[in-house]
Amino acid sequence: MRTLVWLLRTLLFFTLFAFALNNSHEAVVRWFFGHEWRAPQVIIVLLAFGLGAAFGVLAMVPSWWRHRRAAQRLEPGAEPAAPNPSPETPYPAHQDGV
């Protein structure tokens, strides 16, 4: 199984490497007001992927903080208390008299 995983990783690496070699020509990103940026297409795709991943991580930060605060409110090693019947409350009586 471990060999299969490494084989798939190697295949993915060489596929992406071939993509990078085949798309090394210069591309233009045109911004507003006539500004443009010229770079190899692979760099532009890599940068777009990186910015998307960073945006995704930053979008998750508030949720992570909320969960962290909730976890810190609980005592370390303590589990949520399960409701136990108190000894003062008797069990309900059966209707059939048993």
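In what follows, the accompanying structure is described. (Residues numbered from 1 in each chain as written. Predicted model: local features only at pLDDT ≥ 70, side-chain atom pairs only at ≥ 80, totals over all residues. Heavy atoms only, no water.)

Our focus in this paragraph is the overall build of the protein chain. Helices and strands together make up the secondary structure of the protein chain, namely two helices and two strands. Secondary structure of the protein chain in N-to-C order comes out as α-β-β-α. When the accessible surface of the protein chain is totalled, it reaches about 9700 Å², and 68% of it is carbon and sulfur. (Helix = DSSP H or I, 4+ residues; strand = E, 2+ residues; numbered from the N terminus. Areas by Shrake-Rupley, 256 points an atom, 1.4 Å probe, with all protein chains shown as cover.)

So, on to the packing of aromatic side chains. With the rule as written, the count across this model stands at two aromatic pairs. Ring centres of Phe13 and Phe14 lie 5.3 Å apart, and the angle between their planes is 70°; this geometry places the pair in the edge-to-face category. Taken together, a centroid distance of 6.0 Å and an interplanar angle of 15° make the contact between Phe13 and Phe17 stacked. With Phe13 and Phe17 both in helix α1 (residues 2-22) and four residues apart, this pair spans about one turn of that helix. (Phe/Tyr/Trp six-rings, centres within 6.5 Å; stacked < 30°, edge-to-face > 60°.)

What follows is about the pairing of strand β2 (residues 36-40). Summarising the sheet, strand β1 (residues 26-30) and β2 pair through five bridges and their orientation is antiparallel. Note that in β2 the partner of Val29 across the bridge is Trp37. Connecting β1 to the antiparallel partner β2 that follows it, the hairpin turn spans five residues, and Phe33 within it adopts a positive phi of roughly 60°. (Pairing = 2+ DSSP bridges.)

Together, Met1, Leu4, Val5, Leu7, Leu8 and Leu11 give the surface a local cluster of nonpolar side chains, amounting to about 650 Å² of exposed area. For Leu8, the position within the fold is in helix α1. (Patch = residues over 30% accessible without salt bridge, like charges linked within 9 Å, V, L, I, M, F, W, Y side chains within 5 Å. Salt bridge = Lys/Arg side-chain N within 4 Å of Asp/Glu carboxyl O.)

Within the chain, Phe33 stands out as a residue other than glycine whose phi angle is a positive 60°. Following the sequence through the fold, Phe33 ends up in the loop between β1 and β2. On the basis of relative accessibility, which here comes to 82%, the residue Phe33 falls in the exposed class. (Buried < 20%, exposed > 50% of the residue type's maximum accessible area, 1.4 Å probe, protein only.)

This part takes up α1. Counted at 1.5 Å a residue, the expected span for α1 with its 21 residues is 30 Å, and the 30 Å between its end C-alpha atoms agrees. Little of α1 sits out of view: just zero of its 21 residues are buried. (Expected span 1.5 Å × (residues − 1).)

Time to look at the pattern of salt bridges. Note on pairing: side chains with opposite charge can pair once their charged atoms come close. The full count for this structure, using the stated rule, is three salt bridges. Residues Glu36 and Arg30 are paired through a salt bridge, measuring 4.0 Å at the closest nitrogen-oxygen approach. Of the residues examined, Glu36 reaches a relative accessible area of 40% and is grouped as partly exposed. Look at Arg30 and you get exposed, because its relative accessible area is 63%. Linked by salt bridges that have partners in common, Glu26, Arg30, Glu36 and Arg38 make up one network.

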